[in-house]
Amino acid sequence: MAGLSLKHIYKVYPNGTKAVNDFNMEIKDKEFIVFVGPSGCGKSTTLRMIAGLEDISAGELMIGDLVVNDMEPKDRDIAMVFQNYALYPHMTVFENIAFGLRIRKLPKEEINRRVTEAAEILGITEYLGKKPKEMSGGQRQRVSLGRAIVREPKVMLLDEPLSNLDAKLRTQMRSEISKLHAKLGTTFIYVTHDQVEAMTMGTRIVVMKNGFVQQIDTPKNLYNYPGNKFVAGFIGTPQMNFFEGTLLKKGENVEIKFEYTDSAITVPYSKLYKIRPSYLNGEKKVYIGLRCEAISLDPKAVKTSKAVIKVRLSHKEELGNQTLVYGDINMDGDGYTESSTRIIIDAKGETDVEAGKVVEAALDLDKIHFFDKENEDCILPRIPEYNYIDCEVKDGNLLFLGSEIKLPAAMQCENCKGELLIPTDAVTLGNDAEVDVVDCENINGTNLVSFEIAGRRMYAVCDKEVKKGKTKLAFDLKKFSIISEGNTVVESMPQVMTFNGKLLKEKITEEVTENGKTKKKKVVKFSLGIEDAKFDAPEDISQKLISAIGVKHVFDEALRYDCGPYDLKFADEGISAEAVGLADYGKEKFVICKVGEHTVYVSSETPVTGACHIVPDIGKLSIVQCKMDIRIV
Ligand code: ADP
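Attention in this report is confined to the structure presented alongside it. (Residues numbered from 1 in each chain as written. Predicted model: local features only at pLDDT ≥ 70, side-chain atom pairs only at ≥ 80, totals over all residues. Heavy atoms only, no water.)

**Points about the packing of helix α2 (residues 93-103) against helix α3 (residues 108-122)**
Taken N-terminus to C-terminus, the directions of α2 and α3 make an angle of 135 degrees; their axes are 10 Å apart at the nearest point. It follows that α2 is oblique to α3 by the angle criterion. By crossing handedness, the relation of α2 to α3 is classed as right-handed. Residues Phe94, Ile97, Ala98, Leu101 and Arg102 of α2 lie in contact with α3, whose contacting residues are Ile111, Asn112, Arg114 and Val115. (Axes fitted to C-alpha atoms, helices over the stretch in contact; angles between N-to-C directions. Helix = DSSP H or I, 4+ residues; strand = E, 2+ residues; numbered from the N terminus. Parallel < 35°, antiparallel > 145°, perpendicular 65-115°, else oblique. Left-handed = near helix turned anticlockwise from the far one by under 90°. Contact = heavy atoms within 4.5 Å.)

**Structural notes on the pattern of salt bridges**
Summed over the entire model, instances satisfying the criterion amount to 32 salt bridges. One salt bridge in this structure joins Asp425 and Lys479, with 3.8 Å as the shortest N-O distance. Separated by 54 residues along the polypeptide, Asp425 in the loop between β24 (416-423) and β25 (427-443) and Lys479 in the loop between β28 (469-475) and β29 (481-484) bring together distant segments of the chain. Given the relative accessible area of 43%, Asp425 is considered partly exposed. (Salt bridge = Lys/Arg side-chain N within 4 Å of Asp/Glu carboxyl O. Buried < 20%, exposed > 50% of the residue type's maximum accessible area, 1.4 Å probe, protein only.)

**Topic: the site of the ligand**
The local shell around the ligand consists of Tyr13, Asn15, Thr17, Ala19, Pro38, Ser39, Gly40, Cys41, Gly42, Lys43, Ser44 and Thr45. Cys41 places a polar main-chain atom, nitrogen or oxygen, 3.0 Å from an oxygen atom of the ligand. Note that an oxygen atom of the ligand is positioned 3.0 Å from one of the backbone N or O atoms of Gly42. Isolated, the ligand exposes 560 Å² of accessible area, and the fraction of that covered by the protein chains is 61%. Here the shell around the ligand takes 3 residues from helix α1 (residues 43-51), the largest share from any one element. Partitioning the shell around the ligand into residue classes produces 4 nonpolar, 7 polar and 1 charged. (Near = heavy atom within 4 Å. Polar contact = N/O pair within 3.5 Å; in protein donor to acceptor, adjacent residues only side chain to side chain. Areas by Shrake-Rupley, 256 points an atom, 1.4 Å probe, with all protein chains shown as cover. Nonpolar A, V, L, I, M, F, W, Y, C, P; charged D, E, K, R; others polar.)

**Brief notes about the environment of Asn431**
With respect to the helices, strands and loops of the structure, Asn431 is situated in strand β25. Judged by relative accessible area, which is 64%, Asn431 ranks as exposed. If near-sequence neighbours (up to four positions away) are discounted, Asn431 is found in contact with Lys472, Leu473 and Ala474.

**Let's talk about the environment of Leu477**
Its location among the elements puts Leu477 in the loop between β28 and β29. Since its relative accessible area comes to 16%, Leu477 is described here as buried. Separated by 50 residues in sequence, Leu477 and Val427 have C-alpha atoms that sit 9.2 Å apart. Residue contacts for Leu477: discarding those within four places in its chain leaves Ile405, Pro408, Met411 and Tyr585.

Here it is in structure tokens:
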């Protein structure tokens, strides 16, 4: 039994296909993880990298507390079950299950015990003497499960194991595999393209598309809080309804207008605090997402609802437990064609649908989703990135939510009125303002604190749980930005400093002492070339670069080094820079330096001017191969 850790995992096939990009995940012992997504999204490649059947191009894979990147599949203590069973036709079921154990030369009694136990768990004891061809698809898949479980692996990997079975058997085997997982208490990783399979089996699901992880969450959270339109549409049947529309803030309300219709509804602004104000101008196009059960045709619901739209009915689908009513919110739409006005409603029981009839439908505003029309990201996220607040700059002071803060030198600007962007990670416990904490929600390990200040709701991401009630918070001003009339008048300080360079190699002569004798020996030394400077490359870093890029190209590849402003310091030697200014944030000061084409901020208590040298903390550097955009370290 073991957990797994996948850090910045990439797969680039020799033909240049980038099948997996920056896959990051911590899998706990005993979890049932499902990788799901359409064909070609990279789920099998990821599974095969875990199994050791495919090389990892970059990144670090741990099973338990061992890094297994270079470990042979047979040494990884995993077992894999495939779609096509891969049974030996000439062997009995017993022999098929025992095969791997015999290869590993386990004692006969031990093999008998394990095979008998596995057969009992899987309900195939009576078939042990039979050949695979005498068995059904479901039974054969049980045999291949048996072959995996007798190995008593730390991790079970299953690649679309049910795809060859008919619908009924699939449903049955689904619950059997869940039962098996509960019984064995082993970590399971399961690959499927079927979202129902994923939703019913996974404790957590990884949704993938085009080689990128879209979202990792529990089935319930994926359904209720999809992070983008792809996840929203992929999870759940029938698919979520997506309408095009615009949002317009009018005082304390927001009007939601549906495109191609004259329908509009009004929502209290308090429900949409997490949305960026630039989406609320009545012009920026968004997708409005509503699942079929968030729409009601029940006359009582329509009568009491504050959010009603007109629907022209077309037809219905009777599913026994569900009646899906189809229609269109565009009075010229036909309700059959999939479009941004077609609507599917769960009518919850028997309903008469008269084609062409126009009725009213009530929308559940607590279950409404919004996505950016262009990048399709959720714009009403569970954990918002920013708080958006009206503000004013007057004579060097920042006025917002009844507070007045003297702007530090780095943030001075002309008098103006505008919008203040306070990142949720720029608010911590401290002494700047007294607020009323109304909620602290743990969302996948992140504490989202909701608090009120001057009657306005704000959010902060905290590393600690914060109790409800009055508390004092501090603001990290360098992360603030101010936008006035569409222009950024105060920019937040960059958090990532960037340098260019290469991995360098040189042969040097070293004096080594062996058996009391001093000898000269030629050794290869690796260094990190960062801009015009050279730093010793730690062994683990040079090895990671070499194994990711390959020894043939690694010394020619352009690298990008990233680090934070606190990971840099001034020294007598190092990267040549020109100190061009000071960013004074009051409590903290940073020297602004030009390094080649880059501007970097260096945390420094003492001022520095003119030509200078910078040294990074090598252990804190993150290194990216520029050509393929692969984060290697
Ligand atoms: P999935 O399992 O989600 O269907 P895969 O992991 O099999 O997807 O494939 C991901 C991508 O990598 C696809 O674009 C596929 O064509 C490509 N691919 C898979 N195997 C190879 C290979 N051996 N060589 C080159 N490209 C490959």
